[in-house]
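Commentary on secondary and tertiary structure
Listed here are the chains, written in short residue letters.
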Amino acid sequence: MPVENEHFVAEALRLVEEAEAEGIRLRILGSLAYRIHCPENLALFDAMERALTDIDFAADRRQVKEVRAFIAERGYVEDERMTVSTEGSRYYFEHPETGLGVDVFFDELYFCHRIPLRERLGLDSPTISTCDLLLEKMQIVELNLKDVKDTLVLLLEHPVAGEGAGPEEIDADYVAGLLSDDWGFYHTVTLNLDKVQRFLPDFDAIAPEQGEVITTRIGRLRQRIEAMDKSRKWRMRAKIGPRKKWYQDVAAKETSF
């Protein structure tokens, strides 16, 4: 792993550990979490030139005061413009000496669609769960190559499972259940899963047999998503389809993990 990536990982793990010691729950998300969760395929991130940009955390909004104080005590300075513009749902900090940035998302991750996180922070550590990691990328309407790369590696390393899925498996029932009440989210995720599969042949770093594993897992997840009973709200919105905007607009830079 390149030295700069080692620095990101070491700092993120240090912050999670020290926060836990003070009763504060921080969970890593974004591309750094993908690297932590995919140790067997770190070389693929490097082969596909997937660099890191900052450290992203999910946290419980009930601990917002404690989180702000904790990060500030470690030399990071809060960007108050971000705090105001997001109405306190997202905080950004930067260390004046190292230039390292820390993003903290409280209770949910909401770019194009809402991903609830508050009650799911205890499912895994030091990162959010694998299915929440998948959803954080698949919610982005204007999916870019770095999101595709992260998703490919995650699906290569982690099986798709149903009821009783463990922390190293992608919980297809949870994903399908979340999407079954929100046609817009369903539409974005299914379009993106298809896009990820179409991109597979473009990456020479992924061997044919690895591509088959990823394709099978995408198919298994799609099958569960389609099989899940949909709510009345979902069915009503599906009749309108993409004629009406189904997502929140965000700038590309805001979704950079």
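Residues numbered from 1 in each chain as written. Predicted model: local features only at pLDDT ≥ 70, side-chain atom pairs only at ≥ 80, totals over all residues. Heavy atoms only, no water.

**Brief notes about the overall build of the protein chain**
- The helix and strand inventory of the protein chain stands at eleven helices and nine strands.
- A compact globule built from 257 residues should have a C-alpha radius of gyration of about 18 Å, and the protein chain, at 18 Å, falls within 12% of that.
- Seen along its three principal axes, the alpha-carbon backbone of the protein chain occupies a region of about 50 × 40 × 35 Å.
- Split into buried and exposed, the 257 residues of the protein chain put 50% on the buried side. (Helix = DSSP H or I, 4+ residues; strand = E, 2+ residues; numbered from the N terminus. Rg over C-alpha atoms; globule rule 2.2 N^0.38 Å. Buried < 20%, exposed > 50% of the residue type's maximum accessible area, 1.4 Å probe, protein only.)

**Focus: the pattern of salt bridges**
- As enumerated under the stated definition, the model contains 22 salt bridges in all.
- Of the charged contacts, one joins Lys233 and Asp181 as a salt bridge, the two residues approaching to 3.4 Å between their closest N and O atoms. One end of the pair, Lys233, is in helix H11 (residues 232-240); the other, Asp181, is in the loop between helix H8 (172-179) and helix H9 (183-199), with 52 residues separating them in the sequence.
- Given the relative accessible area of 35%, Asp181 is considered partly exposed.
- In this structure, a network of salt bridges that share partners links the residues Glu11, Arg14, Glu18, Glu22, Glu73 and Arg74. (Salt bridge = Lys/Arg side-chain N within 4 Å of Asp/Glu carboxyl O.)

**Structural notes on the confidence of the model for the protein chain**
- Mean pLDDT over the protein chain works out to 92, with 94% of the residues at or above the 70 mark.
- H11 holds the highest mean pLDDT among the elements of the protein chain, 98, whereas helix H3 (residues 42-47) holds the lowest, 79. (pLDDT = per-residue confidence, 0-100.)

**Things to note about the nonpolar core**
- With 73 residues, the main nonpolar core has Leu26, Phe57, Val102, Val104 and Ile225 as its most contacted residues.
- In contact with Leu26, other than residues within four places in its own chain, are Leu15, Val16, Ala19, Phe57, Ala58, Ala59, Val67, Phe70 and Pro126. (Core = buried A, V, L, I, M, F, W, Y, C linked by side-chain atoms within 4.5 Å. Contact = heavy atoms within 4.5 Å.)

**Observations regarding the packing of helix H7 (residues 145-157) against helix H10 (residues 208-227)**
- Direction vectors running N to C along H7 and H10 enclose 90°, while the axes themselves pass 9 Å from each other. On the basis of the axis angle, H7 is roughly perpendicular to H10. In this structure, H7 uses Leu152, Leu155, Leu156 and Glu157 to contact H10, whose residues at the interface are Gln210, Val213, Ile214, Arg217 and Ile218.
- Of the residues belonging to the contact of H7 with H10, the class tally is six nonpolar, one polar and two charged. (Axes fitted to C-alpha atoms, helices over the stretch in contact; angles between N-to-C directions. Parallel < 35°, antiparallel > 145°, perpendicular 65-115°, else oblique. Nonpolar A, V, L, I, M, F, W, Y, C, P; charged D, E, K, R; others polar.)

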